[in-house]
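# Report on the structure
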Amino acid sequence: MRYISFAMMMALALQAQAQTGVTNKEENQYEIDEVVVTGARFETDVRHLPMTVNVVGREKLTENQRINVLPTLTEQVPGLFLTQRGMLGFGVSTGGSGSISLRGISAGAGQLLVLIDGHPQYQGIYGHSIGDSYQTMMTERVEVLRGPASMLYGSNAMGGVINIVTRGMKEDGVKTQVNLGAGSYGTFQTEASNQVRSGKFSSTVSAQYARTDNHRPHMGFEQYGGYVKLGYDLNDNWNIYADADLTHFNASNPGSVSAPMNEMDQYITRGVVTAALENHYANTSGALSVYDNFGRHKINDGFADGADPQKRLFRSKDALTGISWYQSVNLFEGNRVTVGFDFQHIFGDAYYTSRATGEVMETQNKQSARKHMNEVAGYVDFRQDLASWLTIDAGIRYDHHSVAGGEWIPQAGLVVRPNSTGEFKAMLSKGFRNPTMREMYLYPPSNEELRAERIMNYELSWKQRLGAFNYGINLFYLKGDNMIQTINKKNVNTGAIQNNGIEVEAGWRINDNWSVNTNHSLLHMHNKVVAAPNYKGYLGANYHKGRWSVNAGLQQIYDLYTSVGENATTEDFTLLNATVGYMAAKGVNLYVKGENLLAQKYEINLGYPMPRATFMGGVNIEF
C-alpha cells in the first residue's frame, strides 16, 4: 500500500489541470484563506511571506470530534508527527507521549515551539510543551510555520512553530455550544462554550472534561479544563483583552509491556494568563502583552512487580513570565517594517516530598534545581514589494540569555509571483534553542557551561491555486550543530543534525458536496531520531449533503523509528479513521466515529501498543 495516496494525489492533480474552464465566480467561491498572523506577528497575506505556513481552521479541527488539536494537525500538516500511546491522554515523564516532531526536529527536546496567540508555551525546567494543554474548545484556528522561526519568536523555535489562535466573537449576539461523547474503554468527553458580543464587549467562556480507562490496565486518564477570554474595543483603533487557560490531568502509566510498572501516576496542572493592548491603523499596527505560564507537577515514579513502592514523590513548580511588544509600520509604498522586543523570566524548582508526611526532602538535586533565568531580545524585520510580482524579506534578532550568553539570528527570503494564482518562495533562516534548567542543573549529567543549539534551514517552495484545486511542494535542507548530548555522563554541545526532504500537499473542492485533500512528506535524516517517520502520507475526503456528513481519512506511516542505535526498531502502519454526522434538528448534530478501523497492530512509543479499532458516539448542540 506504500504511496497509494501519493498516486491518488497525482491523479487528482491531472484531473484538476484538465478543468481549464473554471470561472472567476468559481475561483472566488473556493479561494482558500490567505490571511495569517504567524510569520509576521500581524495579519498579512501569506502570499507575501517567504516562509511556509499551514492554516487548519475550526471546521477542520472539530469535524472529527477531538478535544485536542494535535491529532488533527498530524493529519493535515506535512512533515508533522505526534507520539501517542492510548485512546485519550498523553501524559508526561517516562512513557509519556504528545511529543511533536516537524522535519525530524522534536518539541520533546524543546526544539519546536508551541504558541498561544503568539506567546510561548513551555516548561521552565524541562523546556518542552505539554500536549494535553492544547484544547480544541479554545481554538479558532492553528497556524503551523514549517522551518525555523527564531528571528520572531526566539529560543525553541528552531524547528518551527505551532500557533494556536484563540476564539473570539466578531458579530453581536450569543452563541452556545455543547458536545457530549462516549465510546470504547469507558471513554467520555464533554465540552461546553459560550460566546457573547455586545457592542464593544466580547467574551468566550469554555469548559471541558474527559476521562478514559484506555486499553491497558493501570492506564487511566482524567482531565479538566477551562478557558476565559474577555475583550473590549476602546475605539476603532485600540482594543484590550485578557484571557486565562487552565488544564489539570491525572494520568497513569502502566510501563512498557515487557517491563510493567505499578503506581506510576502523574498529577499535572498547567495554565496561562495573558493581558494585551492592541492597535490597528491603516499604516501601522502593534501590540503590547504580558503573559504568565505556570505549572505544578506531582509524579510517582512507580515500582516494578516484586519491588517496594516509592517512598517519595517528585514535585516541580515552574513559570515563564514574559513581556512582548511589537509595532509594524508602512514607511512607503509596498514596505513593511516590524520592530519588536521580548523579555522572559524563567523560573523552576524541582524537589521531592515524603509520601508519608508530605514534607520536603532536602536533597542535593533540590538545592541545584531552584533557579531563575532571564532572556531579553530585540528584532527588526524588513519586507519590501519591489514589484507587483516580487517581495523580499530580511530580518535579524539579537537574543541574550543570562546563563548561555548571546546569539544573533538572521533570516532572509524572497517571493516571486509569476501570475495571480501561484508563488515561488526561497528562504534562509536560522533557529536556536537555549539549554534548559534540567540540562544545566538537574541530575548528574548537568553542565552549567552549555551553550545554545543552532540550526540553519534552506528552503524552496511553490504553491498554486487553480480554481477549486490548490497544491504546493517544498524542498528543504537543514543542518545544525552544538546539539546537546550526554557523553561520558555529562551534557555537552557536541551533537549534529542534518535533514533534508520533500513535502507535497493538495486540496480539491470537487463540487458542493465533495472535497478531498492530501499531503505527503519524505524525510532523510543523517542521524536518526525516534518519532520522525521517513514517510508520512494522508488522504482525506469530506462529503456533505442534506442532513448527512461523512469525513474519512487514510494515513500511512513508514520507517517510524521507535528506537535508534545498534538495535534500532521501526514501525510501518496504515490508519483509517471516519466520522459520520446527522443533523437531527436545527442545532442538534448526532455523530459516530471510528479510529484505526483497519485494526492495525502498531506502536509509536516503544513497548506501548496502540489500541485496535475504537468507536465513539455523541451529540453536538448549538443555540
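Basis of the calculations
- Residues numbered from 1 in each chain as written.
- Predicted model: local features only at pLDDT ≥ 70, side-chain atom pairs only at ≥ 80, totals over all residues.
- Heavy atoms only, no water.
- Pairing = 2+ DSSP bridges.
- Helix = DSSP H or I, 4+ residues; strand = E, 2+ residues; numbered from the N terminus.
- Contact = heavy atoms within 4.5 Å.
- Polar contact = N/O pair within 3.5 Å; in protein donor to acceptor, adjacent residues only side chain to side chain.
- Phe/Tyr/Trp six-rings, centres within 6.5 Å; stacked < 30°, edge-to-face > 60°.
- Buried < 20%, exposed > 50% of the residue type's maximum accessible area, 1.4 Å probe, protein only.
- Lys NZ or Arg CZ within 6 Å of the ring centre and 35° of its normal.
- Salt bridge = Lys/Arg side-chain N within 4 Å of Asp/Glu carboxyl O.
- pLDDT = per-residue confidence, 0-100.

### Some points on the sheet that holds strand β16 (residues 255-256)
Spatial strand order, β16-β17-β20: three strands in an open sheet with antiparallel pairing. Strand pairing shows two members of the sheet lacking a second neighbour, β16 and β20 (303-304), which therefore form its edges. In this sheet, β20 lies alongside strand β17 (residues 259-262) in antiparallel orientation, the contact comprising two bridges. Bridging across to β20, N262 finds its partner in F303.

### Some details on the environment of E571
Summarising the element assignment, E571 is placed in strand β34 (residues 569-585). Distance in space between the C-alpha atoms of E571 and G124 is 33 Å, their sequence separation being 447 residues. Those residues in contact with E571 that sit more than four places away from it in its chain are I557, Y558, D559, L560, T562, K601, Y602 and E603. At 3.3 Å, the side chain of E571 forms a polar contact with the backbone nitrogen of E603.

### Some points on the sheet that holds strand β9 (residues 139-146)
The strand order across the open sheet built from five strands is β3-β9-β10-β7-β8, with neighbouring strands paired in mixed fashion. What marks the edges here is a single partner per strand, and that holds for β3 (52-57) and β8 (119-120). Two elements, β9 and strand β10 (residues 160-166), share seven bridges in a ladder whose sense is antiparallel. Each bridged residue has a counterpart across the sheet, and for V144 the counterpart in β10 is I162.

### Let's talk about the packing of aromatic side chains
Applying the stated criterion to the full structure yields 12 aromatic pairs. With centroids separated by 4.8 Å and ring planes inclined at 50 degrees, the aromatic side chains of Y398 and W408 adopt a geometry described as tilted. Of this pair, Y398 sits in strand β25 (residues 390-401) while W408 sits in strand β26 (residues 405-416), and the two are 10 residues apart along the sequence. On the basis of relative accessibility, which here comes to 52%, the residue W408 falls in the exposed class. Through a chain of ring-to-ring contacts, the aromatic side chains of F188, Y209 and Y224 assemble into a single cluster. It is R103 that lies over the ring of F476; its NZ or CZ is 4.4 Å from the centre. One residue, K298, lies across the ring of Y267, its end atom 4.8 Å from the ring centre.

### A word on the pattern of salt bridges
A complete count under the given rule lists 24 salt bridges for this structure. The closest approach of N and O atoms between R465 and E423, which form a salt bridge, is 3.1 Å. Residue R465 is located in strand β28 (residues 453-466), and its partner E423 is located in strand β27 (residues 422-433); the two are separated by 42 residues in the primary sequence. No difference in accessibility class separates R465 from E423, as the two residues are buried. Residues participating in the shared-partner salt-bridge network are R103, R146, E459, E503 and E505.

### Digging into the pairing of β25
Pairing geometry for strand β24 (residues 371-387) and β25, over 12 bridges, is antiparallel. Counterpart to Q384 in the pairing with β25 is I392. The hairpin formed by β24 and β25 contains two residues between the paired strands. Relative to β26, β25 runs antiparallel, the two being bridged by 12 bridges. Across the sheet, the residue bridging to R397 is I409, located in β26.

### Topic: the side chain of T391
Tracing the sequence through the fold places T391 in strand β25. Judged by its relative accessible area of 1%, T391 is buried. At 2.5 Å, the side chain of T391 forms a polar contact with the side chain of D385. If sequence neighbours within four positions are ignored, T391 has contacts with H48, R383, Q384, D385, G413, L414, V415 and R417.

### Some details on the confidence of the model for the chain
Taken over all residues, the pLDDT of the chain has a mean of 91, while the share at 70 or more is 93%. Overall, residues 7-33 carries pLDDT values under 50, and its contacts beyond four positions in sequence, including any with other chains, amount to 30 contacts. Here residues 364-368 is modelled with pLDDT under 50, and outside its nearest four sequence neighbours on either side it reaches 10 contacts, counting other chains as well.

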